[in-house]
Amino acid sequence: MLLETLNPMHYNITSLVPDTMPVATVPILILMCFLFLIWTHEETSSIPGPGYCMGIGPLLSHGRFLWMGVGNACNYYNKTYGEFVRVWISGEETFIISKSSSVFHVMKHWHYVSRFGSKLGLQCIGMYENGIIFNNNPAHWKEIRPFFTKALSGPGLVRMIAICVESTIEHLDKLQEVTTELGNINVLNLMRRIMLDTSNKLFLGVPLDENAIVLKIQNYFDAWQALLLKPDIFFKISWLCKKYKDAVKDLKGAMEILIEQKRQKLSTVEKLDEHMDFASQLIFAQNRGDLTAENVNQCVLEMMIAAPDTLSVTLFFMLILIAEHPTVEEEMMREIESVVGDRDIQSEDMPNLKIVENFIYESMRYQPVVDLIMRKALQDDVIDGYPVKKGTNIILNIGRMHKLEFFPKPNEFSLENFEKNVPSRYFQPFGFGPRSCVGKFIAMVMMKAILVTLLRRCRVHTMKGRGLNNIQKNNDLSMHPIERQPLLEMVFTPRRNASEDQGDGMDQH
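Residues numbered from 1 in each chain as written. Predicted model: local features only at pLDDT ≥ 70, side-chain atom pairs only at ≥ 80, totals over all residues. Heavy atoms only, no water.

- Taking an unreviewed UniProt entry as the reference, the protein chain is identified by name as aromatase belonging to Ficedula albicollis.
- Turning to the protein chain, the UniProt annotation filed under Cofactor (unreviewed entry) states: "heme".
- Annotation of the protein chain in UniProt includes, under Subcellular location (unreviewed entry), the sentence "Membrane". (UniProt positions renumbered as here; feature names shortened; annotations may be inferred.)

This is the structure we're talking about:
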């Protein structure tokens, strides 16, 4: 009798519902119980992060990335939930990682060589399965990478030193082109011009309008940053994405004209060996049927924008740090005077500029430009005990990692952070492994050559003595200063020689 009483099948379920409750309420209650079960099931994930909350969590998560920017959102989630966090982007499970052991694991394995991003966004900017930067097709990416590797190493690496010296001197001799009415230098524009000039001389080799191309590159980057994670519905509203599509079309059109000029030049030269640069190699690969015209154009475009987009901002931040830390400048100048002397920097000087190198590393650690690496898991895996499913998005927050582990003064700008050898797992400004930055060696050469050449000729001063923390920055796809603020301007004072370094400056504005 007792068992019968307790048996729920003994009753008609509707008899348990009060007479005043509509019969339609029962299926609603059952549906709510079902949704609650799904909610609680998602909450059982062993990976820290915001809750799924019946699908609301993924919407809020993606919204935070769009609102705050990728970099700021990653820092928010790591700070809130820890160094291994689960979130969602476009409804896809995404891990944000700033723990060195986990970062090291992802970088070294081939099943993390693919990138992720909006398919429509990447198609719009030309990077979907094209070029090298955000090409998310591993097979196509492997075919393209050797062209970049060849151009950015070997003889090209040595040639770049002389090109950087020549370009820096040329642009310092015509500073009036980047000087404001108040006599201050638009340093970011100066660095972009130098970067574009050096890239053109080594990789393309045709006349171009620096002012026009630099502006087009800036607009292209803005489009890339804006479209990378946009939901598909964004691209269905033409007036929302029109300006970005126009910016992309503008740079692509300009690059196609330059590449066609290169084709014409190659068709008339007598000795091809003297003109076999990066663009030439790609054009001949297209002629053989190995590459499409679209891929050739995108590869040249990406090679030409890489330095003006990232290295120019990196060098800008470095010059601000030099102005902000005069004792560091003195150390660097003593070394430059000892190693280089009165001549221009040469390839054999590179390994002997240890203080300059440590300054570059510490600048990239303390104030990174590229502080995120975006990947996608191509197979199931386990990272530090956490299960990773095939197709999971991965964001490596290396900018945060560089301030969490190993360094004696992680939150300060100090060359002491590199006085001792730093194990590679704790410091990866260019990444490592199969998809590390293909230009990491030439980037170091360029930064050393430009810094040494500029500092031998000028002292740099910030506006009103203000430092890096006063400059407003945007941390989305990468860390960039917000344009059109007066604090981006600096003052350059001619330097007679390093021994008069302390006595030569004019008062800071």
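Description of the pairing of strand β7 (residues 393-396)
Part 1: With burial as the criterion, each face of β7 is covered, one bearing N393 and I395 and the other bearing I394 and L396.
Part 2: Relative to β7, strand β2 (residues 92-97) runs parallel, the two being bridged by four bridges. Along β7, the bridge assignment pairs I96 with I395.
Part 3: As paired elements, strand β4 (residues 373-376) and β7 share four bridges and run antiparallel to each other. Across the sheet, I373 pairs through a bridge with L396, a residue of β7. (Buried < 20%, exposed > 50% of the residue type's maximum accessible area, 1.4 Å probe, protein only. Helix = DSSP H or I, 4+ residues; strand = E, 2+ residues; numbered from the N terminus. Pairing = 2+ DSSP bridges.)

Let's talk about the UniProt feature "transmembrane region" (unreviewed entry) in the protein chain
Part 1: What UniProt calls "transmembrane region" (unreviewed entry) maps, in this numbering, to residues 20-39 and 51-70.
Part 2: Split by type, residues 51-70 is 70% helix and 0% strand. Its first and last C-alpha atoms lie 19 Å apart.

Considerations on the side chain of K448
Part 1: Mapped onto the fold, K448 is located in helix α17 (residues 440-457).
Part 2: For K448, a relative accessible area of 4% translates into the label buried.
Part 3: Once residues within four sequence positions are removed from consideration, K448 is found in contact with I345, M350, L353, V356, E357 and I360. (Contact = heavy atoms within 4.5 Å.)

A closer look at the layout of surface pockets
Part 1: Considering only enclosed or pocket space, the largest pocket measures out at about 700 Å³ in volume.
Part 2: Around the largest pocket, the lining comprises 26 residues; the ones closest to its centre are L188, R192, Q218, E483 and R484.
Part 3: Broken down by secondary-structure element, the contributors of at least two residues to the lining of the largest pocket are α9 (187-204), α10 (210-227), α13 (293-324) and β10 (479-481).
Part 4: Looking at the lining of the largest pocket, the element that brings in the most residues is α10, giving nine residues.
Part 5: Its residues placed into classes, the lining of the largest pocket shows ten nonpolar, ten polar and six charged.
Part 6: E357, Y361, F427, P429 and M444 are the residues nearest the centre of the second largest pocket, which is lined by 22 residues in total. (1 Å grid on protein atoms, 1.4 Å probe; cavity = no way out; pocket = protein on both sides within 12 Å on 5 of 7 lines; lining within 4 Å. Points joined across faces, edges and corners; volume = space filled by probe spheres on them. Nonpolar A, V, L, I, M, F, W, Y, C, P; charged D, E, K, R; others polar.)

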